[in-house]
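Structural overview
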Amino acid sequence: MTGALFKANFWSSDILSTAGYDCIIQHLNNGRKNCKEFEDFLKERASIEEKYGKDLLNLSRKKPCGQSEINTLKRALEVFKQQVDSVAQCHIQLAQTLREEARKMEEFREKQKLQRKKTELLMDAAHKQKSLQFKKTMDAKKIYEQKCRDKDEAEQAVHRSANAVNPKQQEKLFVKLATSKTAVEDSDKTYMMHVGTLDKIREDWQSEHIKACEMFEAQECERINFFRNALWLHMNQLSKQCVTSDDMYEEVRKSLEACSIEKDIAFFVNHQKTGQTPPAPIMYENFYNPQKSTASQGKAPGPNLARRGRLPVPKSLPDDPDYSSVDDYSLVYQ
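Residues numbered from 1 in each chain as written. Predicted model: local features only at pLDDT ≥ 70, side-chain atom pairs only at ≥ 80, totals over all residues. Heavy atoms only, no water.

As recorded in an unreviewed UniProt entry, the chain goes by Proline-serine-threonine phosphatase-interacting protein 2 and comes from Ursus maritimus. The record in UniProt for the chain states the following under Function (unreviewed entry): "Binds to F-actin. May be involved in regulation of the actin cytoskeleton." (UniProt positions renumbered as here; feature names shortened; annotations may be inferred.)

Listed below in structure tokens is the structure:
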């Protein structure tokens, strides 16, 4: 802490000026506004993290991702989905943490506001009292100066009428002079009284101003320290989120390292194989001159079905019953 910079550097030679005090108050108000802006930033960041976490969670749980994979790659994908789900949960948790930090910032702002309020009320009253007393003092001074001028004029009138033969006129002038002297004395007392009161008020105000400067400087040191620590904590939370996410992604990388291409291929073959004997070549078969050995090479083992032989050459005549004809049309080539 600096200690005494505010109370040594925010004065003005004008007794009515509040420039130094106003400058400090404006700085404190700006600081409070900055805290509010960071608070709003945290809240908005929390909303972003929460939305991202929920979207990622929805993606992890509802969107298919290699669902027909098998064996080691399937297990790696299951780990992948589990870790993405965990990362999503971490973002949602981070959102809750950020809202808690925003709440702490809000409480800090309100605490400082209440602390300042009492001091500001005292200073506002001191400024108002000082201003009113200064006006009374200046009014008393004007009256005093006017009474002095009136007395001087009365004295000059008495001197001018020293040779006058009218005693009544001279008596009036002496009465006026005595009255003016009394008025001067009274106004002088009143003026001096107001000056003394103003000086007492000035001393009280000066004392309050010093106290206020000390209090405001201590509060500003506290605010800067709190704001700095809050921002530092925020960075730590984001770093922790990154480290946690990377740890989860490392689990996925480990599961991928355990993935075996050979095992997945062998697993597929062992569970889905359809046979080890390929089909034999399909050979040409002559319809009229079948070759048993040739034809059998393209056949799968099975019952040996006899084929019809060549068409016999008829030996009978057209009148024979074995000879077939339709409407005198012979079916035997002549």
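Moving on from the model shown.
Regarding its fold elements, the chain presents 6 helices and 2 strands. Beginning at the N terminus, the succession of helices and strands in the chain can be written as α-α-α-α-α-α-β-β. Within the chain, contacts between residues at least 6 apart in sequence are counted, and of these 81% link residues at least 24 apart. In the structure as shown, the chain presents an accessible area of about 24300 Å², 56% of it carried by carbon and sulfur atoms. (Helix = DSSP H or I, 4+ residues; strand = E, 2+ residues; numbered from the N terminus. Contact = heavy atoms within 4.5 Å. Areas by Shrake-Rupley, 256 points an atom, 1.4 Å probe, with all protein chains shown as cover.)

One pass over the structure, following the stated rule, counts 24 salt bridges. In this structure, Arg103 and Glu100 form a salt bridge, with 2.2 Å as the shortest nitrogen-oxygen distance. Of this pair, Arg103 and Glu100 both sit in helix α3 (residues 71-160), 3 residues apart, which is roughly one turn of that helix. Among the residues examined, Glu100 registers a relative accessible area of 32% and is labelled partly exposed. Via salt bridges that share partners, Glu39, Lys43 and Arg109 belong to a single interconnected network. (Salt bridge = Lys/Arg side-chain N within 4 Å of Asp/Glu carboxyl O. Buried < 20%, exposed > 50% of the residue type's maximum accessible area, 1.4 Å probe, protein only.)

Mapped onto the elements of the fold, Lys130 is located in helix α3. Buried within the structure, Lys130 lacks any salt-bridge partner; its nearest side chain of opposite charge belongs to Asp14, at an N-O separation of 7.6 Å. A distance of 2.7 Å separates a polar atom in the side chain of Lys130 from the backbone oxygen of Ile15. Filtering out sequence-adjacent residues up to four positions away, Lys130 remains in contact with Ile15, Ser17, Leu198, Ile201 and Trp205. (Lys, Arg positive; Asp, Glu negative; His and termini not counted. Polar contact = N/O pair within 3.5 Å; in protein donor to acceptor, adjacent residues only side chain to side chain.)

Before going further, it helps to examine the nonpolar core. Ranked by size, the top nonpolar core spans 12 residues in total: Cys35, Phe38, Leu42, Ala46, Leu94, Ala95, Leu98, Ala102, Met105, Phe227, Ala230 and Leu238. The element that contributes the greatest number of residues to this core is α3, accounting for 5 residues. Contact partners of Phe38, with chain neighbours within four places excluded, come to Met105, Phe227, Ala230, Leu231 and His234. (Core = buried A, V, L, I, M, F, W, Y, C linked by side-chain atoms within 4.5 Å.)

Turning next to a nonpolar patch on the surface. Judged by side-chain polarity, Ile261, Ile265, Phe268 and Val269 come together as a nonpolar surface patch covering roughly 410 Å² of accessible area. A relative accessible area of 62% places Ile261 in the exposed class. (Patch = residues over 30% accessible without salt bridge, like charges linked within 9 Å, V, L, I, M, F, W, Y side chains within 5 Å.)

Here we take up empty space enclosed by the protein. Evaluated as defined, the whole model comprises 3 cavities of 30 Å³ or more. By volume, the largest cavity amounts to about 90 Å³. Lining of the largest cavity is provided by Leu28, Gly31, Arg32, Cys35, Phe108, Arg109, Gln112, Lys113, Arg116, Gln219, Glu220 and Arg223. For the lining of the largest cavity, the secondary structure elements donating two or more residues are α2 (19-62), α3 and α4 (167-257). Counting residues per element, the lining of the largest cavity draws most heavily on α3, which supplies 5 residues. Its residues assigned to classes, the lining of the largest cavity shows 3 nonpolar, 3 polar and 6 charged. Its boundaries defined by the atoms lining it, the second largest cavity holds a volume of some 60 Å³. (1 Å grid on protein atoms, 1.4 Å probe; cavity = no way out; pocket = protein on both sides within 12 Å on 5 of 7 lines; lining within 4 Å. Points joined across faces, edges and corners; volume = space filled by probe spheres on them. Nonpolar A, V, L, I, M, F, W, Y, C, P; charged D, E, K, R; others polar.)

On to the layout of surface pockets. Here the second largest pocket defines a volume of roughly 180 Å³. Looking at the lining of the second largest pocket, the elements that each hand over two or more residues are α3 and α4.

Two elements in contact, α3 and helix α5 (residues 261-272), have axes whose closest approach is 6 Å; the angle formed by their N-to-C orientations is 115°. Of the residues in α5, those in contact with Asn71, Thr72 and Leu73 of α3 are Lys263, Asp264 and Phe267. Among the residues forming the contact of α3 with α5, the class breakdown is 2 nonpolar, 2 polar and 2 charged. (Axes fitted to C-alpha atoms, helices over the stretch in contact; angles between N-to-C directions.)

Turning our eyes to something else, we now look at the packing of aromatic side chains. Inspection of the entire model under this criterion finds 8 aromatic pairs. Look at Tyr144 and Tyr191: their rings are 5.5 Å apart centre to centre, the planes differ by 25°, and that puts the pair in the stacked class. Taken together, the residues span a long stretch of sequence, with Tyr144 in helix α3 and Tyr191 in helix α4 at a distance of 47 residues. Owing to a relative accessible area of 19%, Tyr191 belongs among the buried residues under this scheme. Among the aromatic residues, those joined into a cluster by ring pairs are Phe38, Phe41 and Phe227. The cationic tip of Lys130 hangs over the ring face of Trp205; the distance from NZ or CZ to the ring centre is 3.6 Å. (Phe/Tyr/Trp six-rings, centres within 6.5 Å; stacked < 30°, edge-to-face > 60°. Lys NZ or Arg CZ within 6 Å of the ring centre and 35° of its normal.)

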